[in-house]
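Understanding the architecture of this molecule
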Amino acid sequence: MSDITRIQVSGESAYEIVVGRALLKQVAEAIGDKAKKVLVVHPVALSQSAEQLRESLVDSGFEVLLAGVPDTEEAKRVEVAAFCWQILGQADFTRTDAVVGFGGGSTTDLAGFVAATWLRGVDLIQIPTTLLAMVDAAIGGKTAINTAEGKNLVGVFHAPKQVIVDLDTLETLPKNEILAGFGEVVKYGFIEDARILELIEENLADATDASTDRFREIVERSIAIKARVVSEDFKESGLREILNYGHTLGHAIEHNERYQWRHGAAISVGMMFVAELARIAGRLDDATVERHRSVLSMIGLPTTYRSSEFEKLLAAMQRDKKSRAGQLRFVVLDAIGKPTIMNAPTAEMLHAAYQEIVA
């Protein structure tokens, strides 16, 4: 493969996603020459790497401040956003300055929200450092924080100026974090690109090894799908809904677990649920449902959840932002690569589908 792959997001909020290795030297170029000050939002766990990035940007002539935040969904709280706003205010950041999100999905979500809301929007550069953020959170322009009532309920669309996917940043990531990121990867395989599923099924070891060409191909295929969908539907008024495959129940599980479950694990159970829901509705064949279970299980992702939690999960789903006029909506499949929307399934269907995934 070539050293650098460039994937374009087009439309009214166009930007470029750069994929490769040893790309952090490109951050200064991505920020551009209009900005004087840069805030790097990063998880505390990446403080050493963030300091190295700061030094590199200082050498390029920028005044750089660091904002260390929690390395979990705890980062996506209004109090943490307010901490970042305070830094920006005290440093007199202007509309020509920039915010850099350097970390996993919760960090890039937060950084995007901070950039979108400061002075009604400043430039944003996203540098995802987890597989989940590389293929999903950092590249769609959706930014949000959580509330006590649910995940991502307060947010705004704000496209980054550039996304820099440096695969070398995965070298120190624990294997279980990479595997958790495959929840979103498998989603792309089912909603559009069956080759992603084949690449995993043919050689799981290579597929999940961040140093291999197979892994890079999976990442680039996943990013390309999201880039295409976002290009056609930036503000999720239609097509982009397909990216929520597995997310309605998945977000409810995350909320129920107080965000102690990894996102990819929750989405894995959510995909299993909607596959069973589509089968009950007569829309999806047995073999495809079982392929969900097979692929997710071979990666080590969960496909079941506790039987006692259905009522709590149902209440959480009804508060989900994907609902319309109080009615639940689910992205389901008619076949691999053929996602569609199921509106207002009956309580009996929901309960029956859930019984198929109880532990």
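Preceding block: the structure.
A few words now on the environment of Thr 303. Structurally, Thr 303 can be placed in the loop between helix H12 (286–299) and helix H13 (310–318). In this structure Thr 303 comes out as buried when scored by relative accessible area, which is 11%. C-alpha of Thr 303 to C-alpha of Ser 268: the two residues are 35 residues apart in sequence and 6.2 Å apart in space. Among all residues touching Thr 303, those that are not within four sequence positions of it are Ser 268, Val 269, Met 272, Arg 293, Leu 296, Ser 297 and Ile 357.

Quick look at empty space enclosed by the protein now. Tallied over the entire structure, the rule returns three cavities of 30 Å³ or more. Forming the walls of the largest cavity are Glu 149, Gly 150, Lys 151, Leu 153, Thr 248, His 251, Ala 252, His 255, Ala 316, Met 317, Arg 319 and Asp 320. In the lining of the largest cavity, the residues fall into four nonpolar, four polar and four charged.

Here the focus is the pairing of strand S2 (residues 15–20). The buried fraction of S2 amounts to six of the six residues, a majority that puts the element mostly inside the structure. Looking at chain direction, strand S1 (residues 4–9) and S2 are connected through six bridges and run antiparallel. The residue of S2 that forms the bridge with Ile 7 is Ile 17. Between the antiparallel neighbours S1 and S2 lie five residues, among them Gly 11 with a positive phi of about 100 degrees. As judged from the five bridges shared by S2 and strand S9 (residues 162–166), these two strands associate in the parallel manner. Across the sheet, residue Val 18 finds its bridge partner in S9, namely Ile 164.

It is worth spelling out the packing of helix H7 (residues 194–202) against helix H9 (residues 213–232) at this point. Here H7 crosses H9 at 160 degrees, and the two axes come no closer than 10 Å. By the angle between their directions, the pair H7 and H9 is classed as roughly antiparallel. With respect to the hand of their crossing, H7 and H9 are arranged in left-handed fashion. Together, Arg 195, Ile 196, Glu 198, Leu 199, Ile 200 and Glu 202 of H7 and Arg 214, Glu 217, Ile 218, Arg 221, Ser 222 and Ile 225 of H9 make up the contact between the two elements. In terms of residue class, the contact of H7 with H9 is made up of five nonpolar, one polar and six charged.

Under the counting rule described, the total for this entry stands at 33 salt bridges. As a salt-bridge pair, Glu 184 and Lys 187 come within 2.7 Å of each other at their nearest N and O atoms. Taken together, the positions of Glu 184 and Lys 187, both in helix H6 (residues 175–191) and three residues apart, correspond to about one turn of that helix. Across this residue pair, the class does not change: Glu 184 and Lys 187 are buried. One salt bridge connects Arg 195 with Glu 202, and the closest N-O pair in it is separated by 2.8 Å. For Arg 195, a relative accessible area of 27% translates into the label partly exposed. Each of Glu 73, Lys 76, Asp 109, Lys 151 and Glu 254 takes part in salt bridges that share partners, so that together they form one network.

For H6, built from 17 residues, the straight-helix expectation of 24 Å at 1.5 Å per residue is met to within 8% by its first-to-last C-alpha distance of 25 Å. The largest bend along H6 measures about 30 degrees and falls at Gly 183. Across the 17 residues that make up H6, a large majority, 13, are buried.

With a relative accessible area of 0%, Glu 184 lands in the buried category. At 2.7 Å, the side chain of Glu 184 forms a polar contact with the side chain of Lys 187.

Rules and cut-offs
- Residues numbered from 1 in each chain as written.
- Predicted model: local features only at pLDDT ≥ 70, side-chain atom pairs only at ≥ 80, totals over all residues.
- Heavy atoms only, no water.
- Helix = DSSP H or I, 4+ residues; strand = E, 2+ residues; numbered from the N terminus.
- Buried < 20%, exposed > 50% of the residue type's maximum accessible area, 1.4 Å probe, protein only.
- Contact = heavy atoms within 4.5 Å.
- 1 Å grid on protein atoms, 1.4 Å probe; cavity = no way out; pocket = protein on both sides within 12 Å on 5 of 7 lines; lining within 4 Å.
- Points joined across faces, edges and corners; volume = space filled by probe spheres on them.
- Nonpolar A, V, L, I, M, F, W, Y, C, P; charged D, E, K, R; others polar.
- Pairing = 2+ DSSP bridges.
- Axes fitted to C-alpha atoms, helices over the stretch in contact; angles between N-to-C directions.
- Parallel < 35°, antiparallel > 145°, perpendicular 65-115°, else oblique.
- Left-handed = near helix turned anticlockwise from the far one by under 90°.
- Salt bridge = Lys/Arg side-chain N within 4 Å of Asp/Glu carboxyl O.
- Expected span 1.5 Å × (residues − 1).
- Bend = angle between axes of the 7 residues up to and from the residue.
- Polar contact = N/O pair within 3.5 Å; in protein donor to acceptor, adjacent residues only side chain to side chain.

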